[in-house]
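So the chains spell out like this:
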Protein chains: 2
Amino acid sequence: MRRQAPVRTTRPTSRDVAAAADVSVATVSYVMNGRTDRRIPDITRDRVLEAAHKLGYVPDRSARMLRRRSTEQVCLVIGGFGVPVLDQMAASLHEVGDRHGFGLITMVVNSPSSARRGIDRLRERVADGVVLAGGLHHVGAAGLDDLVSADIPMMVLSNSAPADGFDVYREPETDAVRDAVDHLVRTGRRSIAYLGHEREVAEFHAGRPVDSDRFAGFVDALESHGLPVRPDLVVPGADGRAEGYRAAAAVLGLPEPPDAIISASSRAAVSAIWAARDLGLTVPSDVAVVGAGTIPEAQVTRPTLSTMGPDDGADFSDAAEMLFDRILHPRHGDWREISRPWTFTARGST
Amino acid sequence: MRRQAPVRTTRPTSRDVAAAADVSVATVSYVMNGRTDRRIPDITRDRVLEAAHKLGYVPDRSARMLRRRSTEQVCLVIGGFGVPVLDQMAASLHEVGDRHGFGLITMVVNSPSSARRGIDRLRERVADGVVLAGGLHHVGAAGLDDLVSADIPMMVLSNSAPADGFDVYREPETDAVRDAVDHLVRTGRRSIAYLGHEREVAEFHAGRPVDSDRFAGFVDALESHGLPVRPDLVVPGADGRAEGYRAAAAVLGLPEPPDAIISASSRAAVSAIWAARDLGLTVPSDVAVVGAGTIPEAQVTRPTLSTMGPDDGADFSDAAEMLFDRILHPRHGDWREISRPWTFTARGST
DNA sequence: CTGTTAGCGCATTCAC
DNA sequence: GTGAATGCGCTAACAG
């Protein structure tokens, strides 16, 4: 049974409802928005509601946006999908956004050109607030300035960006990495491999400064123990499970394999445990493994996975709340920081 | 160095640009939209562009939306985050959306009330098109009707919903499941466990009809081999890695453990392999494992993971293209279906 | 308590 | 080739 094509009459507007309920458009607006500062008698209210329902009236967001000069949407900028921590961020934004009647739009920034497009779109005011959780590198300082000068409330996830023009969310990882390395050295490890993200590793091997709290902490900690940073043990592989497996298998197959692996993502760390076991190695006696980030899986692997991460797991409601606070109560200056230092938790894999 | 708070002068409008360039707002509009049907001399064009740049003019989307009666955004409705296949969908939508100048908004539907809110918001025309990839159960038939009567182009991912009022994307899994079961039985398996999604399993145990192609195929295949469906081997655990591990460990610890496990997600299947190994079992000789869905990891596990899935992996550009086709060339009736039947690929784990 | 009015910023007729 | 005028649908002043 094929459904009838709707009779393409134009959809009803507030004027139509006003006419049907025999009130003014203003009253319709007040009723539809449930405004309590306007005293509308229940009789009138019901008449409007009934007319709206009968006509199938639904307010038009575009018009509301234009008039209110607010979109009631926030934008989450990420570098790509499949990263657990960003799923958490998105979930938190959805959750607190719902409470405020806000929707979420996502934007993927994985190249300079997509960064340019994204910034332009943001400047067109598609959203009342932004969480910059990825692609920061492609956005760059100039892009950040564009966003700041567009005067749009923003929260940036970064350990290095100054809180100037926006709020920032930091997860200082240095101490956790140092603790992890200390722990590994104390238990007799001498050659520690680093499974990093593409960027980190590329910059390191190119001899450029590496903008990574985590990697810097790793290098510092090694040096403070008088241990060398072996370039052949700094490899990419943290960006996915398959990548992690291959990278771990590769370093463990080296003539002088590491006796410990620190991975910049916990999901790659899990893969590293697999790889070790598949090579006939025992974790942790032959090789220790440490992951970065909180994933539930860490508790069910054998051995359980030692991790570095924020104490209270991955929940970003505080970041979301802060963004909405700034959207709802705009003020300039007074930029805030949230800091959630990571700690090292030794479990079975070390 | 603290950045100056911007002088909160109102942002420039096309009128301001027109004045600065000494042209009319119409000309500004034509230039900004790069319209080729209007012949604008380069001199004029450059003057407008220069004025726009100097004033920092950026067109306002809300106004454009209202006037054009289109938002140039599509909406992806999902049931939650962390599902690889949805990441693929989001990536595809972003990709082809970018080509058409469209943005993406996401919506999480994980309860009847969030479904209601989502539908209402969609009816407010926050997006020109919708991909319903999750939460379909909470939306329900009535919700679908609301969306259809709102006359908004839509693509629904479902194996059961009729293509009536919207396009549908199907992934028939029955044949693949049958092939998997056939393969398992042929290689001597007699008790096959099913790691399912929460809903599937709950409905099964409640004795209600299970709206799952995959599960139905599983039951049919077992029966055609004269094998019973053991209720104690139909367990939830496909919704996550940790869940999968626990569920697999539990069934494998049963007095009469299964000799094969079919998991409704490949990531839980990977966990099942872990669990088996941790219990001292060998895969596949002691227990075979099959996963549903394409993940790169399947190739690096030991043994490699036998999976059921679409032949060409997880790519939804065809779905995205179809949605945009309907948005850009609206027509009623003629609802289309894309079907990507799953096949079974035997690898090391069977 | 409710109606009238005036835009929000833009894209699009229709004159010239 | 360009400009003046109109209105998308709604909300917020301001009257009454």
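Here the structure is a predicted model, which is why all the values come from computation and not from measurement. (Residues numbered from 1 in each chain as written. Chains lettered and ligands numbered in written order. Predicted model: local features only at pLDDT ≥ 70, side-chain atom pairs only at ≥ 80, totals over all residues. Heavy atoms only, no water.)

1. So, the overall build of chain A
How we decide: Runs of E in the DSSP output that reach at least two residues are strands. Runs of H or I that reach at least four are helices, and both are numbered from the N terminus. Each residue's exposure class comes from its accessible area (1.4 Å probe, protein chains only) as a fraction of the maximum for that residue type: buried when under 20%, exposed when over 50%, partly exposed otherwise. Contact definition: two residues touch when any of their heavy atoms are within 4.5 Å. Accessible areas in this description were obtained via Shrake-Rupley with a 1.4 Å probe; residue shielding takes into account the shown protein chains only. When charges are counted, Lys and Arg are positive and Asp and Glu negative, with His and the chain ends excluded. Each charge is placed at NZ for Lys, CZ for Arg, CG for Asp and CD for Glu.
For chain A, the count of helices and strands is 13 helices and 12 strands. With respect to the principal axes defined by its C-alpha atoms, chain A has extents near 85 × 55 × 35 Å. The proportion of buried residues among the 350 residues of chain A is 53%. When contacts within chain A are restricted to residue pairs at least 6 apart in sequence, long-range pairs at least 24 apart make up 72% of them. Counting only carbon and sulfur atoms, one obtains 52% of the accessible surface of chain A, whose full area is about 15,600 Å². Treating the 41 positive side-chain charges of chain A as one cloud and the 47 negative ones as another, the clouds have centres 8 Å apart.

2. Re the side chain of E173 of chain A
Residue and element names in this part refer to chain A. We count it as follows: Two N or O atoms form a polar contact when they lie within 3.5 Å of each other; inside protein one atom must be a possible hydrogen donor and the other a possible acceptor, and for residues adjacent in sequence the pair counts only when both atoms belong to side chains.
Following the sequence through the fold, E173 ends up in the loop between β5 (167-170) and α8 (174-186). Looking at E173, the relative accessible area reads 7%, which means it is buried. A polar atom in the side chain of E173 sits 2.5 Å from the side chain of R214.

3. Considering the relation of the copies chain B and chain A
This is how it is decided: Copy-to-copy alignment: least squares on C-alpha atoms, limited to residues at pLDDT 70 or above in both.
After a rotation of 180 degrees and a shift along the axis of 0.0 Å, chain B superposes on chain A with an RMSD of 0.1 Å. In short, the pair behaves as if placed about a two-fold rotation axis. Across chain B, the smallest distance between a C-alpha and the rotation axis is recorded for I105 of chain B, namely 2.0 Å. The overlap is high: 100% of the interface residues of chain B also sit at the interface in chain A, so the same surface is used on both sides.

4. Focus: the packing of helix α4 (residues 61-68) of chain A against helix α4 (residues 61-68) of chain B
Each packed pair of helices is defined by two parameters, the angle between the axes and the distance between the axes. Here is the rule: Structural elements are reduced to axes, namely lines fitted to C-alpha atoms, with helices fitted over the stretch in contact, and the angle between N-to-C directions of any two is expressed from 0 to 180 degrees. By definition, any crossing whose near helix is turned counterclockwise from its far helix by less than a right angle is left-handed, and any crossing with a clockwise turn is right-handed.
Their axes nearest at 8 Å, the elements α4 of chain A and α4 of chain B cross at an angle of 140 degrees. In terms of crossing hand, the pair formed by α4 of chain A and α4 of chain B is left-handed. Between α4 of chain A and α4 of chain B, the residues in contact are S62, A63, M65 and L66 of chain A and S62, A63, M65 and L66 of chain B, respectively.

5. What to know about the pattern of salt bridges
Side chains carrying opposite charge are able to pair once their charged atoms draw close together. Keep this limit in mind: A side-chain nitrogen of Lys or Arg and a carboxyl oxygen of Asp or Glu constitute a salt bridge if their distance falls within 4 Å.
For the structure on display, the rule yields 42 salt bridges over all chains. For R116 of chain A, the salt bridge goes to D146 of chain A, with nearest N and O atoms at 3.2 Å. On the criterion of sequence distance, the pair formed by R116 of chain A in helix α6 (residues 112-123) and D146 of chain A in helix α7 (residues 136-149) is long-range, its members being 30 residues apart. Under the relative-accessibility criterion, R116 of chain A is labelled partly exposed at 38%. With relative accessibility at 22%, the residue D146 of chain A sits in the partly exposed group. One salt bridge in this structure joins R199 of chain B and E203 of chain B, with 2.5 Å as the shortest N-O distance. In this pair, R199 of chain B and E203 of chain B both sit in helix α9 (residues 198-205), 4 residues apart, roughly one turn of the helix. For R199 of chain B, a relative accessible area of 39% translates into the label partly exposed. Several salt bridges converge on common partners, so that one network encompasses R61, R64 and E72 of chain A together with E124 of chain B.

6. Observations regarding unusual backbone geometry
With an omega dihedral of -10 degrees, the bond running from R302 of chain A to P303 of chain A counts as a cis peptide bond. Its location among the elements puts P303 of chain A in the loop between β9 (288-292) and β10 (306-310). In the segment running from V283 of chain B into P284 of chain B, the intervening peptide bond is cis, with an omega of 10 degrees. Note that P284 of chain B resides in the loop between α12 (266-278) and β9 (288-292). A positive phi angle is found at R125 of chain A, which is not glycine, with a value near 65 degrees. Within the secondary structure, R125 of chain A sits in the loop between α6 and β3 (129-132). Of note in the backbone geometry, D334 of chain B takes a positive phi value of approximately 60 degrees without being a glycine. The residue D334 of chain B is located in the loop between α13 (317-328) and β11 (337-339) in this model.

7. Structural notes on the sheet that holds strand β7 (residues 234-236) of chain A
Residues and elements named next belong to chain A. So the rule is basically this: Each pair of strands is called paired provided DSSP finds at least two bridges between the two strands.
Spatially, 6 strands are ordered β7-β6-β8-β9-β10-β12 in an open sheet, and the strand pairing comes out mixed. Looking at the sheet topology across the chains shown, the edges are occupied by β7 and β12 (342-345). Averaged over all neighbouring strand pairs, the angle between strand axes comes to 20 degrees, with direction disregarded. As paired strands, β9 and β10 are joined by 3 bridges and run parallel to one another. Opposite A292, over in β10, you have M308 as the bridge partner. Sheet strands touched by helix α9 (residues 198-205): β6 (192-196) and β7. Its angle to β7, the strand with the most contacts, is close to 135 degrees. Those strands touched by helix α10 (residues 213-224) are β6, β7, β8 (260-263), β9 and β12, and its axis lies near 170 degrees from that of β6.

8. Focus: the protein's contact with DNA strand C
Formally: Throughout, near means a residue has at least one heavy atom within 4 Å of the molecule or strand. Any residue that is not Ala, Val, Leu, Ile, Met, Phe, Trp, Tyr, Cys, Pro, Asp, Glu, Lys or Arg is counted as polar, Gly included; the first ten are nonpolar and the last four charged.
Lining the immediate surroundings of DNA strand C are 28 residues, of which R38, P41 and R69 of chain A together with S14 and R67 of chain B lie closest. Here a phosphate oxygen of DNA strand C sits 2.5 Å away from a polar atom, N or O, in the main chain of S14 of chain B. For DNA strand C, a phosphate oxygen lies 2.8 Å from a polar atom in the side chain of R35 of chain B. Contributions of two or more residues to the surface near DNA strand C are made by α2 (25-32) and α4 of chain A together with α2 (25-32) and α4 of chain B. For the surface near DNA strand C, the element with the most residues is α4 of chain B, which contributes 4 residues. When grouped by side-chain class, the residues that make up the surface near DNA strand C number 10 nonpolar, 7 polar and 11 charged.

9. Remarks on the sheet that holds strand β2 (residues 103-108) of chain A
Pairing in this open sheet of 12 strands is mixed, and the strands run β11(A)-β5(A)-β4(A)-β3(A)-β1(A)-β2(A)-β2(B)-β1(B)-β3(B)-β4(B)-β5(B)-β11(B) from one edge to the other. Each edge of the open sheet carries a strand with a single partner, namely β11 (337-339) of chain A together with β11 of chain B. Here the strands of the sheet are splayed against their neighbours by 20 degrees on average, with no regard to which way each runs. Where strand β3 (residues 129-132) of chain B and strand β4 (residues 154-157) of chain B come together, 3 bridges link them in parallel fashion. Residue pairing for β4 of chain B: V130 of chain B is matched across the bridge by M154 of chain B.

10. Things to note about helix α12 (residues 266-278) of chain A
Residues and elements named next belong to chain A. Rules: Helix span, as expected, comes to 1.5 Å for every residue beyond the first.
Taking 1.5 Å of rise per residue, the 13 residues of α12 would be expected to cover 18 Å, and the 18 Å separating its terminal C-alpha atoms lies within 8% of that figure. For α12, the tally of buried residues reaches 12 of 13 residues, placing the bulk of the element in the interior. Along α12, the residues classified as buried are S266, R267, A268, A269, V270, S271, A272, I273, W274, A275, A276 and D278. Backbone geometry just after α12 places G280 at a positive phi near 85 degrees.

11. Details of the UniProt feature "domain: HTH lacI-type" (unreviewed entry) in chain A
Convention followed: UniProt positions are given in the numbering used here, feature names are shortened, and annotations may be inferred rather than shown by experiment.
Following the UniProt record, one finds the feature "domain: HTH lacI-type" (unreviewed entry) at residues 12-68 of chain A. Secondary structure over residues 12-68 of chain A splits into 67% helix and 0% strand, and the C-alpha atoms at its two ends are 20 Å apart.

12. Some details on the domain arrangement of chain A
Keep this limit in mind: The source of the domain bounds is an automatic or database domain assignment.
According to the domain assignment, chain A contains domain 1 (14-59), domain 2 (71-171 + 313-339) and domain 3 (174-309). Taking only C-alpha atoms into account, the centre of domain 1 of chain A sits 62 Å from that of domain 3 of chain A.

13. Points about the environment of D213 of chain B
Residue and element names in this part refer to chain B. Checked against the element boundaries, D213 lands in helix α10 (residues 213-224). Sequence separation between D213 and G237 is 24 residues; the distance between their C-alpha atoms is 18 Å. Setting aside residues no more than four positions away along its own chain, D213 makes contact with N159, E171, P172, E173 and T174. A polar contact is formed between the side chain of D213 and the side chain of T174, at a distance of 2.8 Å.

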